[in-house]
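Each chain, written out:
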Amino acid sequence: EVQLVESGGGLVQPGGSLRLSCAASGFTFTDYYMDWVRQAPGKGLEWVGRSRNRPHRYTTKYAASVEGRFTVSRDDSRNSFYLQMNSLQTEDTAVYFCVRGAFCSGGRCPGPFDSWGRGTLVTVSS
Amino acid sequence: DIQMTQFPSTLSASVGDRVTITCRASQSISEELAWYQQKPEIAPKLLIYDASRLQSGVSSRFSGSGSGTEFTLTISSLQPGDFATYYCQQYNDYSLTFGGGTKVEIK
């Protein structure tokens, strides 16, 4: 069974930093892209960022709203995925979901988010 | 970025109704579209991928169609557990985007 468990959420002041972690199990982590998706209170879903896997040299991609402030990374030896969030703003307040992206062994790899963690709440407030 | 426009934003329906939700992409995304269901306080669940493929374990009451820029999600006979919010999402572009959501409410 695929499991994704987020941790690291909490209350942080505007301008502060926070690092989220995602522990993955139940699948071959190295075969998949990994993504973060967030949902502000009462709002819709917003994709945040992606880490591709080894065939794509672990390249990353971000939503424009977080580019330059957020960094995704992964540790394949630990089956773990991370989101480093800097210069946090009140509008970054949201539940952050760790999501399994596309299966990829090389080439172009489009695919949906087929497994989601339960999410961790990040609140940016003074 | 590709914009995804979903409508209606809210839909009131009764148990047994046939329900259709539409999602429109700002440019062609071939069939690289997924539909998700989300209930309050719970993570989204994948229903349909590649526009029309049913995810394993999902009821056959759900179906998807479309290609290019216009897509639909249909629930053939609404059941009590189907009252939720539904999102479309494109994965054609490197920047992934969701529609704004459709809340299916009890009439």
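The coordinates are above.
Right, let's walk through the structure included here. Because the structure is a prediction, the values reported are computed rather than measured.

## Quick word on the overall build of chain B
Across its full length, chain B holds 0 helices and 11 strands. Going residue by residue from the N terminus, the α and β elements of chain B occur as β-β-β-β-β-β-β-β-β-β-β. Radius of gyration (C-alpha) of chain B: 13 Å, near the 13 Å computed for a compact globule of 107 residues. Each of the three principal axes of chain B carries a C-alpha extent, and together these read 35 × 25 × 25 Å. The burial tally for chain B puts 49% of its 107 residues in the buried class.

## Points about the nonpolar core
One finds A:Trp36, A:Leu83, A:Met85, A:Tyr96, A:Phe113, A:Trp116 and B:Phe98 to be the most contacted residues of the largest nonpolar core, which totals 41 residues. When residues of this core are traced back to their parent elements, those giving at least two are strand S3 (18-25), strand S4 (32-39), strand S5 (45-51), strand S7 (70-75), strand S8 (80-85), strand S9 (94-103) and strand S11 (120-124) of chain A together with strand S4 (33-38) of chain B. Here the element with the most residues in this core is S9(A); it accounts for 5 residues. Residues B:Met4, B:Ala51, B:Val58 and B:Phe83 belong to the second largest nonpolar core, which totals 25 residues.

## Some remarks on the pairing of S11(A)
Residues and elements named next belong to chain A. Here S11 shows a buried face lined by Thr 120, Val 122 and Val 124 and an unburied face lined by Leu 121 and Thr 123. Bridge count for strand S2 (residues 10-12) against S11 is 3 bridges, and the pairing is parallel. Across the sheet, residue Gly 10 finds its bridge partner in S11, namely Val 122. Bridge count between S9 and S11: 3 bridges; the pairing is antiparallel. What sits directly across from Ala 94, in S11, is Val 122.

## What to know about the interface of chain B and chain A
In this complex, chain B contributes 17 residues to the contact, which on the side of chain A involves 21 residues. Scanning the region where chain B abuts chain A turns up 1 salt bridge. The salt bridge involving A:Arg108 is made with B:Glu32; its shortest N-O contact spans 2.7 Å. Seen at the junction of chain B and chain A, the total is 5 residue pairs in polar contact (both at pLDDT 80 or more). Where the side of chain B that touches chain A is concerned, the elements lending two or more residues are S4, strand S5 (45-49) and strand S9 (85-90) of chain B. No other element matches the 3 residues that S4(B) contributes to the side of chain B that touches chain A. Taken together, the residues of the side of chain B that touches chain A sort by class into 11 nonpolar, 5 polar and 1 charged.

## Looking at the sheet that holds strand S1 (residues 4-7) of chain B
Residues and elements named next belong to chain B. The strand order S1-S3-S8-S7 describes an open sheet built from 4 strands, whose pairing is antiparallel. Because the sheet does not close on itself, it has two edges, and the strands there are S1 and strand S7 (62-67). In this sheet, neighbouring strand axes are inclined to one another by 15° on average, regardless of whether the strands run parallel or antiparallel.

## Notes on the sheet that holds S8(A)
Residues and elements named next belong to chain A. Strands sit in the order S1-S3-S8-S7 across an open sheet of 4 strands; the sheet is antiparallel. Either end of the sheet is taken by a strand with one partner, and the two such strands are strand S1 (3-7) and S7. In this sheet, adjacent strand axes meet at a mean angle of 15° when their direction is disregarded. Two strands pair when backbone bridges link them, and S1 and S3 are joined in this way by 5 bridges, in the antiparallel orientation.

Definitions and cut-offs
Residues numbered from 1 in each chain as written. Chains lettered and ligands numbered in written order. Predicted model: local features only at pLDDT ≥ 70, side-chain atom pairs only at ≥ 80, totals over all residues. Heavy atoms only, no water. Helix = DSSP H or I, 4+ residues; strand = E, 2+ residues; numbered from the N terminus. Rg over C-alpha atoms; globule rule 2.2 N^0.38 Å. Buried < 20%, exposed > 50% of the residue type's maximum accessible area, 1.4 Å probe, protein only. Core = buried A, V, L, I, M, F, W, Y, C linked by side-chain atoms within 4.5 Å. Pairing = 2+ DSSP bridges. Contact = heavy atoms within 4.5 Å. Salt bridge = Lys/Arg side-chain N within 4 Å of Asp/Glu carboxyl O. Polar contact = N/O pair within 3.5 Å; in protein donor to acceptor, adjacent residues only side chain to side chain. Nonpolar A, V, L, I, M, F, W, Y, C, P; charged D, E, K, R; others polar. Axes fitted to C-alpha atoms, helices over the stretch in contact; angles between N-to-C directions.

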